[in-house]
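Examination of the molecular architecture
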Amino acid sequence: MKTPAALCILMMATGLSAPAWADAPEIVKVSASKPGMGWQFEVTLRHPDTGWDHFADGWEVLDAEGNRLGYRKLHHPHVDEQPFTRSLRRVMVPDGTRKVMIRARCSEHGWVSNTVEVELSPDGRASY
């Protein structure tokens, strides 16, 4: 019986990767602005959507402590539209907050462990 370490070495040597790694949504770009009281975030995702059984189904804005500030549900697969961008308006970010994290999820694997850090400027702009 092979150990997990030996299996990882075998997978790397043969060019194989674990399906969960390959199928995670990737945050390609983030832009944010503050047109009024709240922030507006535009997030571009890339994910190998295959249909209703497996697709990128949301992303969220988190503060430094991991508290959710906003959530954008994605209601359908984007099989033929990759990468794709969706926005979320009126996200209330506490005064003085200069960093938020964006995290994506997919319908099959749930939330991605990696987040993208976005620095918010006092003039109401941000990008990644």
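Residues numbered from 1 in each chain as written. Predicted model: local features only at pLDDT ≥ 70, side-chain atom pairs only at ≥ 80, totals over all residues. Heavy atoms only, no water.

Topic: the pattern of salt bridges
- Taken as a whole and assessed by the stated rule, the structure comprises 5 salt bridges.
- The shortest N-O distance in the salt bridge between Glu60 and Arg103 comes to 2.5 Å. With Glu60 in strand β3 (residues 56-62) and Arg103 in strand β6 (residues 99-106), the pair connects residues that are 43 residues apart, well separated along the chain.
- By relative accessible area, Glu60 is classed as buried at 2%.
- Ionic pairing is found between Lys99 and Glu117, a salt bridge with its closest N-O pair at 3.8 Å. Taken as a pair, Lys99 in strand β6 and Glu117 in strand β8 (residues 116-119) lie far apart in primary sequence, 18 residues in all.
- Given the relative accessible area of 40%, Lys99 is considered partly exposed. (Salt bridge = Lys/Arg side-chain N within 4 Å of Asp/Glu carboxyl O. Helix = DSSP H or I, 4+ residues; strand = E, 2+ residues; numbered from the N terminus. Buried < 20%, exposed > 50% of the residue type's maximum accessible area, 1.4 Å probe, protein only.)

Looking at the confidence of the model for the protein
- Mean pLDDT over the protein stands at 82; residues scoring 70 or higher make up 83%.
- No element of the protein has a lower mean pLDDT than helix α1 (residues 4-14), which averages 39, and none a higher one than strand β4 (residues 68-73), which averages 97.
- Across residues 1-21, confidence stays below pLDDT 50; counting only partners more than four residues off in sequence or on other chains, it has 7 contacts. (pLDDT = per-residue confidence, 0-100. Contact = heavy atoms within 4.5 Å.)

Observations regarding the nonpolar core
- Counting residues in each nonpolar core, the largest one holds 23 residues, and the members touching the most others are Phe41, Leu45, Trp59 and Ile102.
- Elements with a contribution of two residues or more to this core: β1 (26-33), β2 (39-46), β3, β5 (84-91), β6 and β8.
- When residues of this core are assigned to their parent elements, the largest contribution, 4 residues, is made by β2.
- The residues touching Leu45, leaving out its near neighbours within four places in the chain, are Glu26, Ile27, Val28, Ala56, Trp59, Leu74, Gln82, Pro83, Phe84 and Ala104. (Core = buried A, V, L, I, M, F, W, Y, C linked by side-chain atoms within 4.5 Å.)

As for the environment of Asn114
- Residue position: Asn114 is located in the loop between β7 (110-111) and β8.
- Taking the C-alpha atoms as reference points, Asn114 and Glu26, 88 residues apart in sequence, are found 9.2 Å from one another.

What about the side chain of Thr97?
- Mapped onto the fold, Thr97 is located in the loop between β5 and β6.
- Of note is the side chain of Thr97, whose polar atom sits 2.8 Å from the backbone oxygen of Pro94. (Polar contact = N/O pair within 3.5 Å; in protein donor to acceptor, adjacent residues only side chain to side chain.)

Things to note about the sheet that holds β5
- Strand order in the open sheet formed by 4 strands is β5-β2-β1-β9, and the pairing between neighbours is antiparallel. The sheet is open, and its two borders are formed by β5 and β9 (125-127), each paired with just one other strand. Direction aside, the axes of adjacent strands within the sheet are offset by 15° on average.
- Bridge count for β1 against β9 is 3 bridges, and the pairing is antiparallel. Directly across from Ser33, in β9, lies its bridge partner Arg125. (Pairing = 2+ DSSP bridges. Axes fitted to C-alpha atoms, helices over the stretch in contact; angles between N-to-C directions.)

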